[in-house]
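If you want the building blocks of each chain, they are given just below.
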Amino acid sequence: MTSIHQPHFEDVPQTHQELLGLFTDRYLTLCKEMEAGYQEDLFSIAPLLFGKWYQTTLIENTLLSPANMFQLELPTLEDGIYAYVLHRTPNSDVLSFKLESYSTKEHPFVKDLRILTDFCTPAREMDEHLFFLEKDRPFLISQFSHQSEFYLEYLTRIAWWLGLFTILPSIHVKKIQQSGYCTIFWQKNIEEILKDIASCACELAAERFSFSMDLETGIAQGRFFAEFLSKPQEIDRIFVEFYEQVDINITEIWKQGANMSEEDRALASSCIFTGIMLDKWFFYPMNQFLQFLSPISFMPLRYFYLVNNLAALVTMKRNIGAEIFSPPSYYTQTPLGQKLFPCESEPQAKFLFPKQGNFSELLEAVKAEHVKLQFSEKFYANRTSHILCMRIAMGATPEYWKIIEMPDETSLDEFCGDILSAFRIEPLWDYVLSILDENDFPVEYSPKNSKRSLNKTTGRSLSDLHLQIGDCFTLTPFSDKSQRLEVEIISDKTGNPYVLYPRVSSQSEAVTEEEQVDELF
């Protein structure tokens, strides 16, 4: 288990520590409240999540993001920008902040790219996907300006796109080394290198879109993304232009609201995945890794839900990207972006930074707002409940199981719906809940709208069933009785006030493997 400590603030001014501490104090406090099995993964996510927080407003619907506020305090850098980065030493509990400079004179991404290619001299063994072996990753990550698995992946993909690696002929293993092009590449100045990186980054974004969304050839192209480097705008406009490429008017679909057809509803929901991909492979790297663009999200982080959702994804070994990556509301160019990709026309300032107040005054305002958010989260967190822990298995496939924790005050309607949803069983409105009474006589329940002449779940809660440890019962969907769920109460406990219930606390490998395959599609 990793013990979670507060970060180091060496050489960081006191007022900057106060602002940076708003993230670490709240995030680490909630991480400590999660079960030991979650903490290492949650801790390792911190640097990546910090990058998202850095570009997110601290007061709803304002431009008061940490990035914008620090620009009032940090010195001006010619054709460049300063930005704080959260470092985490791999496999340790050490967190620290570092101020990095990004310009055409020096750039952390270029330095890291050189470290990566030098690491492959004279040669380096790779895995079957031509990524670095797991044993090599902690050392590499510790050398970089951004210390996360995603940064290593992104850096590696860019290196391949730039042509800096070549595959060596070998038997049984895959090996690479620096390509001959490296000699030419490293003779370029940093400005030329950054433009090459930007071009490859746009091609990489197009390639990831095409692969992950199974798009036809030509729909997602590098030049589509390259246009946005010099064209600041609201993110909704990018969605519109993206869907226009396949002759879909997404604006008209959004206007339909609840009146959407099934097909339109599917297209509208695809915007969620499109937004995740847009942020993960374009906006996040173009900001945090390269500092070409300065996006902002107008909704502050909600730590209580964020940490609980991340813990759930970690438990089920699911992709955490949906919680970390989401499209910003708007973006502009950084001074470095303006230098590399001049905007043809002067962009209109749609959102204005407060003209009144200095850094210290704005800091006091965001600290007050932070306290309000903490209070609102405590309002939800202070509800302790009696929790039932149940092992639920698919009757026809006993190795297919989950352990779910549920408050006993949960209504039977909600309980049955949540359990069926957890096993992806539909429909949720036609089932039979069968429980033995004190005389071992089966008592059956069905939903309120069911036409079956049975007791109704509506108006009852789990506590009304007087369940004890060792009790077993079944939940059977009428649509497919082979999907009967067998439930056993295995323990009970007092709820953790920082945990969001109901939740899956563990599940079998069979469930995990199937859900990971489904997630790919």
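What you see is a predicted model, and the numbers here were worked out from it, not measured in a lab.

**Student:** Sorry, what's going on with the overall build of the chain here?
**Tutor:** Helix and strand counts for the chain stand at 18 helices and 15 strands. A compact globule built from 521 residues should have a C-alpha radius of gyration of about 24 Å, and the chain, at 26 Å, falls within 12% of that. Projected onto the principal axes, the alpha-carbon positions of the chain cover approximately 85 × 65 × 50 Å. Among the 521 residues that make up the chain, the fraction classed as buried is 50%. A separation threshold of at least 6 residues defines the contact pool for the chain, and within that pool the share at least 24 residues apart is 66%. Carbon and sulfur atoms provide 51% of the accessible area of the chain, an area that totals close to 25100 Å². Of the charged side chains in the chain, 45 are positive and 74 negative; the average position of the first set lies 2 Å away from that of the second.

**Student:** Can you help me understand the nonpolar core in this one?
**Tutor:** One recurring pattern in soluble globular proteins is that nonpolar side chains are buried together. Core analysis: the biggest nonpolar cluster contains 122 residues, and Tyr 27, Trp 53, Ile 197 and Phe 292 have the highest contact counts within it. No other element matches the twelve residues that helix H8 (residues 190-212) contributes to this core. Listed in part, the 29 residues of the second largest apolar core include Met 316, Phe 415, Cys 416 and Tyr 431.

**Student:** Before we go on, may I ask you to explain the pairing of strand E13 (residues 472-477) in this structure?
**Tutor:** Where a strand is regular, its side chains alternate between the two sheet faces. The sheet contact formed by strand E10 (residues 431-436) and E13 spans five bridges and is antiparallel. Paired with Ile 435 across the bridge in E13 is Phe 473. Of the strand pairs in this sheet, E13 and strand E14 (residues 485-494) are connected by four bridges, and their pairing is antiparallel. If you follow Thr 474 over to E14, its bridge partner there is Glu 486.

**Student:** So what exactly am I meant to see when it comes to the confidence of the model for the chain here?
**Tutor:** Note that predicted coordinates carrying low pLDDT should not be read in detail. Chain-level pLDDT for the chain is 87 on average; 93% of the residues reach the 70-or-more range. Helix H18 (residues 509-520) is the least confidently modelled element of the chain, averaging 77 in pLDDT, while helix H4 (residues 108-118) averages 97, the highest of any element.

**Student:** Would you mind showing me how to read the pattern of salt bridges here?
**Tutor:** Summed over the entire model, instances satisfying the criterion amount to 31 salt bridges. For the salt bridge of Glu 60 with Arg 302, the shortest nitrogen-to-oxygen distance reads 3.9 Å. Placement of the pair is Glu 60 in the loop between helix H2 (36-54) and helix H3 (66-70) and Arg 302 in the loop between strand E6 (293-296) and helix H13 (303-315), with a sequence separation of 242 residues. Given the relative accessible area of 36%, Glu 60 is considered partly exposed. Taking relative accessible area as the criterion, Arg 302 reaches 32% and is therefore assigned partly exposed. The shortest N-O distance in the salt bridge between Arg 237 and Glu 244 comes to 3.8 Å.

**Student:** Is there a simple way to think about the packing of H2 against H13 in this case?
**Tutor:** Between two packed helices, the angle of one axis relative to the other and the distance separating the axes together describe the packing. In the contact formed by H2 and H13, the axes pass within 10 Å of each other and the chain directions differ by 130°. By the angle class used here, H2 and H13 are oblique. For the element pair H2 and H13, the recorded crossing hand is right-handed. Residues Tyr 38, Asp 41, Leu 42, Ile 45, Leu 49 and Trp 53 of H2 pack against Tyr 303, Leu 306, Val 307, Leu 310, Ala 311, Val 314 and Thr 315 of H13.

**Student:** What am I meant to see in unusual backbone geometry here?
**Tutor:** Peptide bonds are, in most cases, trans, and in most cases residues other than glycine have a negative phi. Note that the residue after Thr 121, namely Pro 122, is joined by a cis bond; omega there is 5°. With respect to the secondary-structure elements, Pro 122 resides in the loop between H4 and strand E3 (124-126). Note the cis peptide between Tyr 501 and Pro 502, where omega equals -5°. Positive phi, close to 75°, is recorded for His 172, a residue that is not glycine. Tracing the chain through its elements places His 172 in the loop between strand E4 (165-168) and strand E5 (174-178). Despite not being glycine, His 466 has its phi angle at roughly 50°, a positive value. Inspection of the secondary structure puts His 466 in the loop between strand E12 (455-456) and E13.

**Student:** Would you take a moment to explain the packing of helix H10 (residues 235-244) against helix H12 (residues 262-289) for this structure?
**Tutor:** Look at H10 against H12: their axes get within 11 Å of each other, and the N-to-C directions meet at 110°. Here H12 runs roughly perpendicular to H10, going by the angle between their axes. Crossing geometry of H10 relative to H12 is assigned as right-handed. Contacts between H10 and H12 involve Ile 235, Ile 238, Phe 239, Phe 242 and Tyr 243 on the former and, on the latter, Leu 267, Ser 270, Cys 271, Thr 274, Gly 275, Leu 278 and Phe 283. Here the contact of H10 with H12 is built from residues that sort into nine nonpolar, three polar and no charged.

**Student:** What exactly am I supposed to notice about the sheet that holds E4 here?
**Tutor:** An order of E3-E5-E4 is seen for the three strands of this open sheet, with the pairing classed as antiparallel. The sheet is open, and its two edges are formed by E3 and E4, each paired on a single side. Sheet twist, expressed as the average angle between the axes of neighbouring strands with direction ignored, equals 40°. In the sheet, E4 pairs with E5 via four bridges, with the strands oriented antiparallel. Considered in E5, the bridge of Phe 165 is made with Gln 178.

Quick notes on the rules
- Residues numbered from 1 in each chain as written.
- Predicted model: local features only at pLDDT ≥ 70, side-chain atom pairs only at ≥ 80, totals over all residues.
- Heavy atoms only, no water.
- Helix = DSSP H or I, 4+ residues; strand = E, 2+ residues; numbered from the N terminus.
- Rg over C-alpha atoms; globule rule 2.2 N^0.38 Å.
- Buried < 20%, exposed > 50% of the residue type's maximum accessible area, 1.4 Å probe, protein only.
- Contact = heavy atoms within 4.5 Å.
- Areas by Shrake-Rupley, 256 points an atom, 1.4 Å probe, with all protein chains shown as cover.
- Lys, Arg positive; Asp, Glu negative; His and termini not counted.
- Charge placed at Lys NZ, Arg CZ, Asp CG, Glu CD.
- Core = buried A, V, L, I, M, F, W, Y, C linked by side-chain atoms within 4.5 Å.
- Pairing = 2+ DSSP bridges.
- pLDDT = per-residue confidence, 0-100.
- Salt bridge = Lys/Arg side-chain N within 4 Å of Asp/Glu carboxyl O.
- Axes fitted to C-alpha atoms, helices over the stretch in contact; angles between N-to-C directions.
- Parallel < 35°, antiparallel > 145°, perpendicular 65-115°, else oblique.
- Left-handed = near helix turned anticlockwise from the far one by under 90°.
- Nonpolar A, V, L, I, M, F, W, Y, C, P; charged D, E, K, R; others polar.

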